[in-house]
Amino acid sequence: MKSLYVFTIGCQMNSSDADLFYRLLSPMGYLPTDSPESADLVIVNTCSIRAKAEDKAFSFIGRLQAIKAVKPGFRIGVAGCVAQQEGAGILSRVPYVDFIFGTHAIWRLPEIVTALEAGSGRIVDVDMAEELPERPDTGEMRGGVSDFVTIMRGCDNFCTYCVVPYVRGREMSRRPEAIVDEVKKKVAAGAREITLLGQNVNSYGKKEGLPDFPELLRMVADIEGLQRLRFATSHPKDLSDELIDAFAQIPGLCNHLHLPVQSGSTAVLSRMNRKYTREHYLERIARLRDVCPDIALGTDIIVGFPGESSEDFNKTLSLVESIRYDGVFAFAYSDRPNAKAADFSGKVPEKEKKSRLAELLALQDEITREKNEACVGKMEEILVEGKSPRKVDSSAITDPAAGDRVTGRTRSNRVVHAILAEGEKNPVGRCIPVRIDRALGHSLWGSQTGK
Ligand code: 5AD
Ligand code: SF4
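Predicted model, so just to flag it, every value in this text is computed and none were measured.

Draft legend 1. Region of the structure containing the packing of helix α12 (residues 310-323) against helix α13 (residues 350-375). As a packed pair, α12 and α13 sit with axes 10 Å apart at the nearest point and diverge in direction by 10 degrees. Regarding the angle of α12 to α13, the classification is roughly parallel. Between α12 and α13 lies a crossing whose hand is right-handed. Residue-level contacts link S310, F313, L317, V320 and E321 of α12 to R356, E359, L360, L363, Q364 and I367 of α13.

Shown next, in the form of structure tokens:
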């Protein structure tokens, strides 16, 4: 038997691709292992969304050189967005890397590895496809209670800061039957919650004339044994009334939406090529809250986009203050190859970007803290994902003598570490009621009530 270790950086799509690598290579005898040292094959699954992510990939690849030096037959592959972007350039930069495969070459991984095993030289495959290949699922599903299914790949939006359309290609949707089939298999393997993934799920199926996204949601929500359904990501310009209504109509759909705003200034949004205004975004949020009053909202924000003035930035702060998100991912703008904004004037100095980022994060930390504190004393349903990795903080729990600690998430996507009621055995994969006892920074502590 041979073993495979995949090191993944970046978004949920990359994690889901890592799962596909394991599934594609398991029929060839590759079993997952938990360290690069114990592997025969290491795949570095890269992200190029910001320069920092790219640096992280190369520093990990650097660590593999020592293993390669002492382990005959040890192979290193580079996958994902940096592989697509740099192609053969990586082979010249890193002489001990064996193969590069891009975002559209994933399905050819078995052929690539077979050729390497047969003694081929180094391989580069960064060809882009016109259509999404649909391979029969071979390997075993190995995801957990909460798992991901990719429904579409690529992006047609060309936001001016973003590298995704260049490294992942044009939007392509999978057929609904293939998606339903994969979700069914994941549920049979133990998944209870599925997140449907795409760069802009709201345009699912449009180009191909397939059922639209709200229809797909209904098809998936009907699958027996699936308790919770989520999706990511939506583009605010395409968030339709039908999709908003789905939050009230589909019982399994969780009350949580990640809706990246990127900036609170219409002028900046226009230079970002986002195709919506601050007012449109606020109107969509108001409608969402009308339809689903307890919806939890998350967003992505870029600070220091070229030309962002302090007035523009204050508009972002005021938007965050008025929406009061449940979670914010904030990033300092980073120039990316091919992306148009790299050539824009008015670059914001690094120091200024850092200070704006810190100010935004401090504001959101305060909002998160207040929102978490407001949960204390309330009852929530959590889907138990596993044992809690957190150390017991005896003051955080009501009864330190009670059962094991587990971790799960509420339907609104908050992480809860909970103490099980006495006599409770293994609730992994089940939804259990908990009372929230204490709020700690970004997580909540609770205890199981009843059984
Ligand atoms: N610089 C900083 N942040 C970026 N993002 C995408 N491209 C860049 C960039 N060049 C952020 C956006 C996106 C998230 C995944 O990453 O906020 O929504
Ligand atoms: Fe990038 Fe914009 Fe496409 Fe999102 S919608 S992947 S930010 S180009």
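Draft legend 2. Region of the structure containing the domain arrangement of the protein chain. The assigned domain composition of the protein chain is domain 1 (2-125), domain 2 (146-373) and domain 3 (379-448). Of note, the centres of domain 2 and domain 3, computed from C-alpha atoms alone, are 28 Å apart. Between domain 2 and domain 3, the residue contacts involve 19 residues of the former and 17 residues of the latter. Note on domain 2 versus domain 3: buried area summed over both sides is about 1,400 Å², and carbon and sulfur give 41% of it. For domain 2, the biggest contributors to the area lost against domain 3 are Q227, R228 and N372; these three give 40% of the whole. Taken together, domain 2 and domain 3 are joined by three salt bridges. Where D326 meets R414, a salt bridge forms, and the shortest distance between an N and an O atom there is 2.4 Å. When contributions to the side of domain 2 that touches domain 3 are tallied by element, the ones reaching two or more residues are β11 (228-232) and α13. The element that contributes the greatest number of residues to the side of domain 2 that touches domain 3 is α13, accounting for five residues.

Draft legend 3. Representation of the sheet that holds β11 in the model. As summarised here, the arrangement of the three strands in space is β7-β10-β11, forming an open sheet in which the pairing is parallel. Two strands bound the open sheet, and with one partner strand each, they are β7 (146-150) and β11. Neighbour to neighbour, the strand axes of the sheet diverge by 25 degrees on average, direction disregarded. Taken together, the five bridges between strand β10 (residues 193-197) and β11 define a ladder with parallel strand orientation. Bridge pairing links I194 to L229 in β11. Across the sheet, helix α8 (residues 213-221) touches β10 and β11, and the angle it forms with β11 is around 150 degrees.

Draft legend 4. Just the sheet that holds strand β15 (residues 379-387), in detail. Ordered in space as β15-β16-β17-β19-β18, the five strands form a closed barrel in which the pairing is mixed. Direction aside, the axes of adjacent strands within the sheet are offset by 50 degrees on average. In this structure, strand β16 (residues 405-410) lies alongside strand β17 (residues 415-419), joined through five bridges in antiparallel fashion. If you follow V406 over to β17, its bridge partner there is A418.

Draft legend 5. Main features of the site of ligand 1. Residues in contact with ligand 1, as listed here, are I49, R50, Y161, Q262, D300, I302, F331, A332, Y333, S334 and R336. One of the side-chain N or O atoms of R50 is found 2.8 Å from an oxygen atom in ligand 1. Within the side chain of Q262, an N or O atom sits 2.7 Å from an oxygen atom of ligand 1. Mapped onto the shell around ligand 1, the elements with two or more residues apiece are β13 (296-303) and β14 (327-332).

Draft legend 6. Seen up close, the nonpolar core. Counting 64 residues, the largest nonpolar core has V183, L196, F213, L217, V220, F231 and L288 as the members making the most contacts within it. Ranked by residues supplied to this core, first place goes to α12 with five residues. If we skip the residues at most four places from it in the chain, F231 touches T195, L196, V201, F213, L217, L243, F247, L253 and L257.

Draft legend 7. Seen up close, the UniProt feature "binding site: [4Fe-4S] cluster 2" (unreviewed entry) in the protein chain. With numbering aligned to this structure, UniProt lists the feature "binding site: [4Fe-4S] cluster 2" (unreviewed entry) at C155, C159 and C162. Secondary-structure assignment places C159 in the loop between β8 (152-153) and α6 (164-168). In contact with C159, not counting residues within four places along its chain, are H235, M272, N273 and R274. Counting through the fold element by element, C162 comes out in the loop between β8 and α6. Among the residues examined, C162 registers a relative accessible area of 13% and is labelled buried. Ignoring any residue separated from it by four or fewer positions in sequence, one finds C162 in contact with I49 and A339.

Draft legend 8. Geometry of the site of ligand 2. Lining the immediate surroundings of ligand 2 are C155, N157, F158, C159, Y161, C162, V164, P165, Q199, H235 and R274. Taken together, the residues that form the shell around ligand 2 break down as seven nonpolar, three polar and one charged.

Draft legend 9. How the structure looks around the side chain of R168. Inspection of the secondary structure puts R168 in helix α6. The contacts of R168, once residues within four sequence positions are left out, are M13, N14, D17, C81, T103, H104, M128, R153, G154 and Q199.

Draft legend 10. Layout of the confidence of the model for the protein chain. Chain-level pLDDT for the protein chain is 93 on average; 95% of the residues reach the 70-or-more range. When the criterion is pLDDT under 50, residues 394-402 qualifies, and its contacts beyond four places in sequence or with other chains add up to 14 contacts.

Draft legend 11. Representation of the packing of aromatic side chains in the model. For the structure shown, the criterion picks out ten aromatic pairs. Summarising the aromatic geometry, the rings of F231 and F247 are spaced 5.9 Å apart at their centres and angled 40 degrees between planes, so their arrangement reads as tilted. Of this pair, F231 sits in strand β11 while F247 is found in helix α9 (residues 241-249), placing the two residues 16 residues apart along the sequence. Each of the two residues, F231 as well as F247, counts as buried. The interplanar angle of 90 degrees and the centroid separation of 6.1 Å between the aromatic rings of F305 and F344 together place this pair among those described as edge-to-face. Of this pair, F305 sits in the loop between β13 and α12 while F344 sits in the loop between β14 and α13, placing them 39 residues apart in sequence. Through successive ring pairs, a cluster of aromatic residues spans Y161, F305, Y333 and F344. Here the guanidinium or amino end of R50 rests over the ring plane of F331, the centre of that ring lying 3.6 Å away.

Cut-offs and rules
Residues numbered from 1 in each chain as written. Chains lettered and ligands numbered in written order. Predicted model: local features only at pLDDT ≥ 70, side-chain atom pairs only at ≥ 80, totals over all residues. Heavy atoms only, no water. Axes fitted to C-alpha atoms, helices over the stretch in contact; angles between N-to-C directions. Helix = DSSP H or I, 4+ residues; strand = E, 2+ residues; numbered from the N terminus. Parallel < 35°, antiparallel > 145°, perpendicular 65-115°, else oblique. Left-handed = near helix turned anticlockwise from the far one by under 90°. Contact = heavy atoms within 4.5 Å. Domains from an automatic or database assignment. Buried area = accessible area lost by both parts, 1.4 Å probe. Salt bridge = Lys/Arg side-chain N within 4 Å of Asp/Glu carboxyl O. Pairing = 2+ DSSP bridges. Near = heavy atom within 4 Å. Polar contact = N/O pair within 3.5 Å; in protein donor to acceptor, adjacent residues only side chain to side chain. Core = buried A, V, L, I, M, F, W, Y, C linked by side-chain atoms within 4.5 Å. Buried < 20%, exposed > 50% of the residue type's maximum accessible area, 1.4 Å probe, protein only. UniProt positions renumbered as here; feature names shortened; annotations may be inferred. Nonpolar A, V, L, I, M, F, W, Y, C, P; charged D, E, K, R; others polar. pLDDT = per-residue confidence, 0-100. Phe/Tyr/Trp six-rings, centres within 6.5 Å; stacked < 30°, edge-to-face > 60°. Lys NZ or Arg CZ within 6 Å of the ring centre and 35° of its normal.

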